[in-house]
Amino acid sequence: MNETVWPGLGGEELQYSERTWALTGTVIVENDGRTLAVDAAVADGSGDDSGTFYFTLQDPPQSLNPGNLGDHFDKIERTKRNQYLVVETAGATYRYRLSRLEFD
């Protein structure tokens, strides 16, 4: 498990459980790069909740190298059913699907 900060991720917003959440940019890479845990706080003024969003890699076995994290955040992608955190490195693009939120 490795922790890093991706400044470009800080301030990005997600819709989850009818609330708007702002990501902090703090990322923990778990399970050999297959899971990203991202800290977040409610951004819509409806409370002071904070939590951790978990994103799971969609195309294993390839994954982000936990030993060489760098600042590879690219964007948040939204579809009708899912939200993805997209990470780009020099050699690959990884799509991590939002799988759950754990409250702090």
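Our structure is the block above this text.
All values reported here derive from a predicted model rather than from experimental measurement.

Asker: How would you explain the overall build of the chain if you had to name every residue and give the values?
Answerer: Along the backbone of the chain there are 0 helices and 8 strands. Listing the helices and strands of the chain from first to last along the sequence gives β-β-β-β-β-β-β-β. In summary, the chain has a C-alpha radius of gyration of 13 Å against a globular reference of 13 Å for 104 residues, a match within 12%. Its C-alpha atoms give the chain principal-axis dimensions of about 40 × 30 × 20 Å. In the chain, the proportion of contacts linking residues at least 24 apart, taken out of those at least 6 apart, comes to 51%. Here the chain has roughly 5800 Å² of accessible surface; of this, 40% comes from carbon and sulfur atoms. For the chain, the centre of its 9 positive side-chain charges and the centre of its 17 negative side-chain charges are spaced 11 Å apart.

Asker: Kindly report on the side chain of threonine 35, identifying the contributing residues and their values.
Answerer: Structurally, the position occupied by threonine 35 is in strand β4 (residues 35–42). Overall, threonine 35 belongs to the buried group, its relative accessible area being 9%. When near neighbours in sequence (up to four residues on either side) are disregarded, threonine 35 contacts Ile28, Val29, Glu30, Tyr54, Phe55 and Tyr96.

Asker: I'd like to hear about the pairing of strand β6 (residues 73–78), residue by residue, with values.
Answerer: The pairing of β6 with strand β7 (residues 83–88) spans 5 bridges and is classified as antiparallel. Pairing of lysine 75 across the sheet is with valine 86, part of β7. Hairpin connection between β6 and β7: a loop of 4 residues separates the two successive antiparallel strands.

Asker: Describe in detail the pairing of strand β3 (residues 19–30), supporting the description with residues and values.
Answerer: When you tally the buried positions in β3, you get 10 out of 12 residues, the bulk of the element. Pairing between strand β1 (residues 2–5) and β3: 4 bridges, direction antiparallel. Within the sheet, the bridge partner assigned to threonine 4 lies in β3 and is valine 27. Examined bridge by bridge, strand β2 (residues 13–16) and β3 share 4 bridges and lie antiparallel to one another. When the sheet's bridge partners are listed, glutamine 15 is paired in β3 with threonine 20. Linkage of β2 to β3, two consecutive antiparallel strands, is achieved through a turn of 2 residues, within which serine 17 is found at a positive phi near 50°. Bridge count for β3 against β4 is 7 bridges, and the pairing is antiparallel. What sits directly across from leucine 23, in β4, is alanine 40.

What counts and how
Residues numbered from 1 in each chain as written. Predicted model: local features only at pLDDT ≥ 70, side-chain atom pairs only at ≥ 80, totals over all residues. Heavy atoms only, no water. Helix = DSSP H or I, 4+ residues; strand = E, 2+ residues; numbered from the N terminus. Rg over C-alpha atoms; globule rule 2.2 N^0.38 Å. Contact = heavy atoms within 4.5 Å. Areas by Shrake-Rupley, 256 points an atom, 1.4 Å probe, with all protein chains shown as cover. Lys, Arg positive; Asp, Glu negative; His and termini not counted. Charge placed at Lys NZ, Arg CZ, Asp CG, Glu CD. Buried < 20%, exposed > 50% of the residue type's maximum accessible area, 1.4 Å probe, protein only. Pairing = 2+ DSSP bridges.

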